[in-house]
Amino acid sequence: ATPVRQDFIRQIVRDDLAAGRQQAIKTRFPPEPNGYLHIGHTRAIWTDFGIAAEFGGVCNLRLDDTNPAKEDPEYVAAIQDDVRWLGYDWHDLRHASDYFDVLYLAGEKLIKQGDAFVCDLTAEQVREYRGTLTEPGRNSPYRDRSVEENLDLFRRMRAGEFPDGARTLRAKIDMGSGNINLRDPALYRIKHVTHQNTGDAWPIYPMYDYAHSLSDAVEGITHSLCTLEFEDHRPLYDWCVDKVDLAHHPELVAPLQAKGLPFEASKPRQIEFSRLNINYTVMSKRKLMALVQENLVDGWDDPRMPSLQGIRRRGYTPGALKLFVSRLGLSKQNSMIDFSVLENTLREDLDAAAPRRMAVLSPLKFVLTNLPEGHEESLRFSNHPKDASFGERDIPFSRELWIERDDFAEVPPKGWKRLVPGGDVRLRGAGIVRCDEVIRDANGEIVELRGTLDPESRPGMAGADRKVKGTIHWVSAQHAVPAEVRLYDRLFSVADPDDDADGKTYRDHLNPASRTTVQGWVEPAAATAAPEQSFQFERIGYFVADRKDHRADKPVFNRSVTLRDTWSA
Ligand code: ATP
Ligand code: MG
Ligand code: MG
């Protein structure tokens, strides 16, 4: 069994169960469908789904769709895809909009209790009346409207009689509160906007805190886990839950029964944890959306994007992401995680999980003149140096090979271990070769090397143990398959692309070298990979067969991560 982790949220859950405050645990993951999920959401998903599972509870997926102007069914579908890809499944799929009728009835209840009023101040006036951190706010002149007038106006808001922004429903709490969120916050606003789930049924929409707290209470959520920016909203969250008191007012949830939705009243408890921040990237849906809309990347699934769709296409695995967030754990302290920590986790995951293949990305022809024309043989290679369960494969070997241009130096720098004119090098798994001749074209460019294979150095022979300095990889020119290889790197070239100093924005810090495409050669057993299969291309890095574009007869590979960290060196 996996050891139960220790952190402050798990401790609270454990205590609540032990003390009998809760009989069972229920959480929810509540993304707004206004964009695609990103790496940061992995922390919330791992927390919400992970904690529920560890304590024998369940987790709902709730689309927090109270802001119709920016929401779209495309995002609703993508979010479900991404959560499943990470390996989680939800108990119920819900939309905050499933509860619009309940929220509306709860609004009428608050009015009747004298806890809410319809306010005619404009947005600008509301800001003026709100006060500041150091100055209390002032009561709205509409605060003392009668219950009858408030009810009449709220019903007419709902009927669509007033234009956008003309009125709001506000909670009647305390304009003198030190917590600005409690200064008579808006609960409802007028917006004549078509909603992705409810169409044109509603001209008014509930505000986030109101909708979120009551949705939690309707679903029977016990622990409402969210990020730190909601800490100051917690008193309002509790206010909404307590004042509406769904558990004792079944008439408010009658609309759910009509829709066949369950009602499991709870007194949910909000607990906040810090957001996951990673340098060399941006992680807000708004900024990611801008990158897509301004064509600075090739869409949400561009492999350079920190969206889950993007890093999935880049070759990140659910295992690596979950290992990453679980190692970081949960805390109340905001911090910035170095991008290399994420990359190292992927290296660790793929080192264990990815079979090895040979590929040459910057090809130089190497002809073994002592092999007969048309010579062909198969060499047996293990697929993983540390794990025999990966099995073996045959690699074709012949007279003409591709090797990396970088593995040959006419004038070797100090400490050079690879091929030089007249020197020996070991060809991975094939024997020791010597370079006898360098062929150039009319411009003096090196176009081919010629050399000889030491026949006594073949694998298994006594001469195979002869000491040579270096080992290089290769593919058989006649058998290798041409492949498009996309070499991805970090999307931003500075650690803090969000730093808006000098009037620059993250757009100005895009890494111009974040993608280069090369035509390389891969061994046949790489070409036949299924899309999304990961490999280590020996001596080069980890690569994945592109999810969209890869085909066995037209291979396309994405570099997921280099073998070693080249940034912090
Ligand atoms: P963004 O600013 O990117 O739009 P958001 O918080 O508005 O983020 P939501 O779709 O509302 O995005 O997020 C759903 C859940 O995921 C929330 O509980 C939110 O707190 C959590 N979440 C979002 N970003 C992060 C992050 N970087 N680290 C941890 N949790 C996050
Ligand atoms: Mg949000
Ligand atoms: Mg947001």
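Here the structure is a predicted model, which is why all the values come from computation and not from measurement.

A.B. asks: So what about the overall build of the protein? Which residues, and what values?
C.D. replies: A count of helical and extended segments in the protein gives 14 helices and 27 strands. Split into buried and exposed, the 569 residues of the protein put 40% on the buried side.

A.B. asks: Please provide a residue-by-residue account of the sheet that holds strand 20 (residues 446-453), values included.
C.D. replies: In space, the seven strands of this open sheet follow the order 21-18-19-20-14-17-22, with mixed pairing throughout. Of all strands in the sheet, those bounded by a partner on one side alone are strand 21 (471-472) and strand 22 (475-476). Where strand 18 (residues 424-427) meets strand 19 (residues 431-440), four bridges bridge the pair, whose relative direction is antiparallel. Bridging from a neighbouring strand, R426 pairs with I432 of strand 19.

A.B. asks: How would you sum up the sheet that holds strand 2 (residues 58-63)? Please name residues and give values.
C.D. replies: With parallel pairing, the three strands of this open sheet are ordered in space as 1-2-3. Each edge of the sheet is formed by a strand with only one pairing partner; in this case those strands are strand 1 (26-29) and strand 3 (93-95). Within this sheet the neighbouring strands show an average axis-to-axis angle of 35 degrees, counted without direction. In the sheet, strand 2 pairs with strand 3 via three bridges, with the strands oriented parallel. Pairing of L63 across the sheet is with H95, part of strand 3. Its contacts with the sheet place helix 2 (residues 39-54) against strand 1 and strand 2, and it is angled at close to 160 degrees to strand 1.

A.B. asks: Could you give an account of the nonpolar core, with specific residues and numbers?
C.D. replies: Within the largest apolar cluster, 125 residues are counted, with the highest numbers of intra-cluster contacts made by L103, L214, A359, W474 and V475. Once residues within four sequence positions are removed from consideration, V475 is found in contact with M358, A359, V360, L401, W402, A480, W521, V522 and E523.

A.B. asks: Help me get a handle on the UniProt feature "domain: Glutamyl/glutaminyl-tRNA synthetase class Ib catalytic" (unreviewed entry) in the protein, residues and values and all.
C.D. replies: If you check UniProt for "domain: Glutamyl/glutaminyl-tRNA synthetase class Ib catalytic" (unreviewed entry), the listed places come out as residues 25-348 in our numbering. The distance from the first to the last C-alpha atom of residues 25-348 is 33 Å, and the span holds 40% helix and 14% strand.

A.B. asks: Explain the environment of I25 residue by residue, including any values.
C.D. replies: Topologically, I25 is positioned in the loop between helix 1 (8-18) and strand 1. For I25, a count of 21 C-beta atoms within 10 Å gives the class buried. Along the primary structure I25 and Y88 are separated by 63 residues, whereas in three dimensions their C-alpha atoms are 16 Å apart. Beyond its immediate sequence surroundings of up to four residues, I25 is in contact with V13, A52, F55, G57, T222 and H223.

A.B. asks: An account of helix 3 (residues 73-85) is requested, with residue identities and associated values reported.
C.D. replies: In a regular helix each residue adds 1.5 Å, so 13 residues correspond to 18 Å; helix 3 covers 18 Å between its end C-alpha atoms and thus fits that length. Those residues of helix 3 that are buried lie in contact with helix 2, strand 2 and helix 11 (308-314). Once helix 3 ends, the next one or two residues include G87, with phi positive near 100 degrees.

A.B. asks: Please give an account of the confidence of the model for the protein that cites residues and values.
C.D. replies: Per-residue confidence for the protein gives a mean pLDDT of 96, with 99% of residues at or over 70. Of the two predicted TM-score estimates for the complex, the pTM is 0.95 and the ipTM is 0.96.

A.B. asks: Give me the lowdown on the domain arrangement of the protein, citing residues and values where you can.
C.D. replies: A common way to express how large an interface is: the accessible area buried when the components associate. Splitting the protein by domain gives domain 1 (8-273), domain 2 (278-353) and domain 3 (364-461). Placing a centre on the C-alpha atoms of domain 1 and another on those of domain 3 gives a separation of 65 Å.

A.B. asks: Describe the site of ligand 1, and please don't skip the residues or the numbers.
C.D. replies: In the vicinity of ligand 1 there are 15 residues, among which P31, G40, A44, T227 and K285 approach most closely. Looking at the shell around ligand 1, the elements with two or more residues in it are helix 2 and strand 8 (223-227). Considering every element that reaches the shell around ligand 1, the biggest residue donor is helix 2, with four residues. Looking at which domains feed residues into the shell around ligand 1, each of domain 1 (8-273) and domain 2 (278-353) supplies at least three.

A.B. asks: Account for the environment of A529, with residues named and values stated.
C.D. replies: With respect to the element layout, A529 can be found in the loop between helix 14 (524-527) and strand 25 (534-537). Judged by the 21 C-beta atoms lying within 10 Å of it, A529 falls in the buried class. Sequence spacing of A529 and P555 is 26 residues, and the spatial spacing of their C-alpha atoms is 8.5 Å. The contacts of A529, once residues within four sequence positions are left out, are F535 and A545.

A.B. asks: Requested: an account of unusual backbone geometry, with residues and values cited.
C.D. replies: One non-glycine residue, D184, lies in positive phi territory at about 45 degrees. Here D184 shows up in the loop between strand 5 (168-171) and strand 6 (186-190). The backbone of N295 sits at a positive phi, close to 55 degrees, despite the residue not being glycine. Summarising the element assignment, N295 is placed in the loop between helix 10 (285-293) and helix 11. With 8 C-beta atoms counted inside 10 Å, the residue N295 sits in the exposed group.

A.B. asks: Help me get a handle on helix 12 (residues 318-328), residues and values and all.
C.D. replies: Buried residues of helix 12: A320, L321, F324 and V325, and no others. Buried residues of helix 12 fall within an arc of 125 degrees about the axis and therefore sit on the same side. Elements that come into contact with the buried residues of helix 12 comprise helix 2, strand 10 (276-278) and helix 13 (339-353).

A.B. asks: Talk me through the pairing of strand 17 (residues 400-404); I want residue IDs and the actual numbers.
C.D. replies: Taking burial as the measure, the five residues of strand 17 include four buried ones, the bulk of the element. Across five bridges, the pairing between strand 14 (residues 363-368) and strand 17 is antiparallel. Each residue of the ladder has a partner; that of V367, found in strand 17, is E400. With two bridges connecting them, strand 17 and strand 22 associate as antiparallel partners. Of the residues in strand 22, the one forming a bridge with L401 is S476.

A.B. asks: Tell me about the environment of A353, residues and numbers included.
C.D. replies: For A353, the location among the structural elements is in helix 13. Taking the C-alpha atoms as reference points, A353 and H384, 31 residues apart in sequence, are found 9.0 Å from one another. With sequence-adjacent residues up to four places away left out, A353 is seen in contact with T317 and S534.

A.B. asks: Tell me about the packing of helix 12 against helix 13, and please be specific about residues and values.
C.D. replies: Contact geometry of helix 12 with helix 13 gives a least axis separation of 9 Å together with a crossing angle of 130 degrees. Viewed along their axes, helix 12 and helix 13 adopt a mutual orientation that is oblique. For the pair helix 12 and helix 13, the crossing hand works out as right-handed. Taken together, the residues of helix 13 that come into contact with helix 12 (itself represented by G319, A320, L323 and F324) are L342, T345, L346 and D349. Tallied by class, the residues present in the contact of helix 12 with helix 13 amount to five nonpolar, two polar and one charged.

About the thresholds
- Residues numbered from 1 in each chain as written.
- Chains lettered and ligands numbered in written order.
- Predicted model: local features only at pLDDT ≥ 70, side-chain atom pairs only at ≥ 80, totals over all residues.
- Helix = DSSP H or I, 4+ residues; strand = E, 2+ residues; numbered from the N terminus.
- Buried ≥ 20, exposed ≤ 12 C-beta atoms within 10 Å, placed from the backbone.
- Pairing = 2+ DSSP bridges.
- Axes fitted to C-alpha atoms, helices over the stretch in contact; angles between N-to-C directions.
- Contact = placed C-beta atoms within 7 Å.
- Core = buried A, V, L, I, M, F, W, Y, C linked by C-beta atoms within 7 Å.
- UniProt positions renumbered as here; feature names shortened; annotations may be inferred.
- Expected span 1.5 Å × (residues − 1).
- pLDDT = per-residue confidence, 0-100.
- Domains from an automatic or database assignment.
- Near = placed C-beta within 6 Å.
- Arc of directions from axis to C-beta.
- Parallel < 35°, antiparallel > 145°, perpendicular 65-115°, else oblique.
- Left-handed = near helix turned anticlockwise from the far one by under 90°.
- Nonpolar A, V, L, I, M, F, W, Y, C, P; charged D, E, K, R; others polar.

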